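So the chains spell out like this:
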Amino acid sequence: MNPEVVAVLGGGVWGSLLAALIRDNGYPVRVWSRRQGGNLEEIVQPATMLVVAVSVAGVLPVIQRLTALPSGMIIVSTTKGLLPGNYRTPAQAWQRAFPGHGVVALSGPNLAAEIAQGLPAATVAASVETSAAQRVQQVLASERLRVYTNNDPLGTELGGALKNVMAIAAGVCDGLNLGANAKASLITRALAEMVRVAVDLGANTYTLYGLSGLGDLLATCNSPLSRNYRLGYGLAQGKSLAVMLQELQTTVEGVNTTQVLVQMADQRGLRVPIAQQVDALLQGHINPQQAVVELMGRDLKAEFHPEPL
Ligand SMILES: NC(=O)C1=CN([C@@H]2O[C@H](COP(=O)(O)OP(=O)(O)OC[C@H]3O[C@@H](n4cnc5c(N)ncnc54)[C@H](OP(=O)(O)O)[C@@H]3O)[C@@H](O)[C@H]2O)C=CC1
Ligand SMILES: O=C(CO)COP(=O)(O)O
């Protein structure tokens, strides 16, 4: 047996499930969560692998609470979002805080409720250190979860973060009953938008066409299990953002990510028309029908030319 010992930070839906999966694989696991308390240092110090499953809002507060990590410990960032202010991804924040440690980004089409039922799924463990990604693959893979490694953590994380914005748009599309053509067109152009942003930031195009990009985009844009999709669906019913967040009572990462994405795209001169409409909708500047009119009324252009995608 591999002597891996795992500490999970975050006792929400995803952190609890990851802890259960790793425990089922025979590894000792301890969970720390803000709400449940517990001594963070006592849980982290004996571990060899730190799995972070807090929402974006918790990343910097948790980093600030930690002092030095045990030598050789790897950090597995599973948060799907972008940090406000500096556009850093969660794994980049962890790497910056703990430069001597291997960091792995875990992301893929992983709706927790399906995995908890034992339904099969696949995911990506990405790191510039292949051995670190392989350690995560070893600890997490099972008959019901197929774990691929990948050497593009940035692209892997951006796939998981950006698709949440697009899942809100997909929820709006379904909530308005716009049909299969509209939905397929939206998802396809959403992927083009994700690729454009991710590649500009330095990601590999192929990563976005993989499980953490296209894969997660399809899962969340097509499932009412996705909280981001449900938020969009509710907005299309005429409910306000505040009412929807009150109803959902859980993490909806796409709300913050939309804002960060639109600001970043503006600064970098990137076209993100779908994200801009989601942003305007979330801010209450337009209604869902107006968002559709805006997207359909944009200047006509070639699908791929003159700019790729
Ligand atoms: N659910 C899913 O299907 C999947 C989720 N993810 C990602 O995992 C992350 C967590 O999602 P999920 O578990 O579903 O959401 P939950 O709302 O269930 O849990 C959020 C977690 O973040 C913690 N948290 C929030 N703010 C802070 C803070 N300031 N300090 C410390 N901890 C904080 C919460 O702690 P507390 O309970 O104490 O408030 C809780 O443990 C998200 O980025 C999500 O996108 C990734 C793959 C699948
Ligand atoms: O990331 C997820 C599935 O891969 C979970 O999506 P939601 O946060 O929209 O529920």
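Residues numbered from 1 in each chain as written. Chains lettered and ligands numbered in written order. Predicted model: local features only at pLDDT ≥ 70, side-chain atom pairs only at ≥ 80, totals over all residues. Heavy atoms only, no water.

Moving on, we come to the UniProt feature "binding site: sn-glycerol 3-phosphate" (unreviewed entry) in the protein. Here the UniProt-annotated "binding site: sn-glycerol 3-phosphate" (unreviewed entry) positions come out as Lys-80, Gly-108, Lys-163, Asp-216, Ser-226, Arg-227 and Asn-228. Mapping Lys-80 onto the fold places it in the loop between β4 (74–77) and α4 (90–97). Assessed through its relative accessible area of 18%, Lys-80 is described here as buried. Apart from residues lying up to four places away in sequence, Lys-80 is in contact with Val-56, Ser-107, Gly-108, Gly-160, Ala-161, Lys-163, Asn-164, Asp-216 and Glu-253. Polar side-chain contacts of Lys-80 include one of 2.9 Å to the backbone oxygen of Gly-108. Relative to the assigned elements, Asn-228 resides in helix α11 (residues 227–236). Asn-228 sits in the buried class, given a relative accessible area of 6%. (UniProt positions renumbered as here; feature names shortened; annotations may be inferred. Helix = DSSP H or I, 4+ residues; strand = E, 2+ residues; numbered from the N terminus. Buried < 20%, exposed > 50% of the residue type's maximum accessible area, 1.4 Å probe, protein only. Contact = heavy atoms within 4.5 Å. Polar contact = N/O pair within 3.5 Å; in protein donor to acceptor, adjacent residues only side chain to side chain.)

What follows deals with the UniProt feature "domain: Glycerol-3-phosphate dehydrogenase NAD-dependent C-terminal" (unreviewed entry) in the protein. The positions UniProt marks with the feature "domain: Glycerol-3-phosphate dehydrogenase NAD-dependent C-terminal" (unreviewed entry) are residues 152–292. Within the segment residues 152–292, helix and strand shares are 77% and 0% respectively, and the terminal C-alpha atoms sit 34 Å apart.

Grouped together as the largest cluster of nonpolar side chains are 49 residues, with contacts concentrated most on Leu-217, Leu-231 and Leu-261. Among the secondary structure elements, those contributing two or more residues to this core are α7 (153–175), α8 (179–200), α10 (211–221), α11, α12 (241–248), α13 (253–268) and α14 (273–282). With twelve residues, the single largest contributor to this core is α7. Not counting residues up to four positions away in its chain, the partners in contact with Leu-217 are Lys-163, Met-166, Ile-187, Ala-190, Leu-191 and Met-194. With 27 residues, the next largest nonpolar core counts Trp-14, Ile-22, Ala-53 and Val-147 among its residues. (Core = buried A, V, L, I, M, F, W, Y, C linked by side-chain atoms within 4.5 Å.)

Below, the discussion takes up the pairing of strand β1 (residues 6–9). Neither face of β1 is left uncovered, since the one carrying Val-6 and Val-8 and the one carrying Ala-7 and Leu-9 both have all their residues buried. Pairing analysis gives four bridges linking β1 to strand β2 (residues 29–32), with the strands arranged parallel. Among the inter-strand pairings, Ala-7 is bridged to a residue of β2, identified as Arg-30. A crossover connection joins β1 to the parallel β2 through helix α1 (residues 13–24); in handedness this β-α-β unit is right-handed. Pairing between β1 and strand β3 (residues 49–52): four bridges, direction parallel. Bridge assignment links Ala-7 to a residue of β3, and that residue is Leu-50. (Pairing = 2+ DSSP bridges. Right-handed = clockwise from strand over helix to strand, strands pointing away.)

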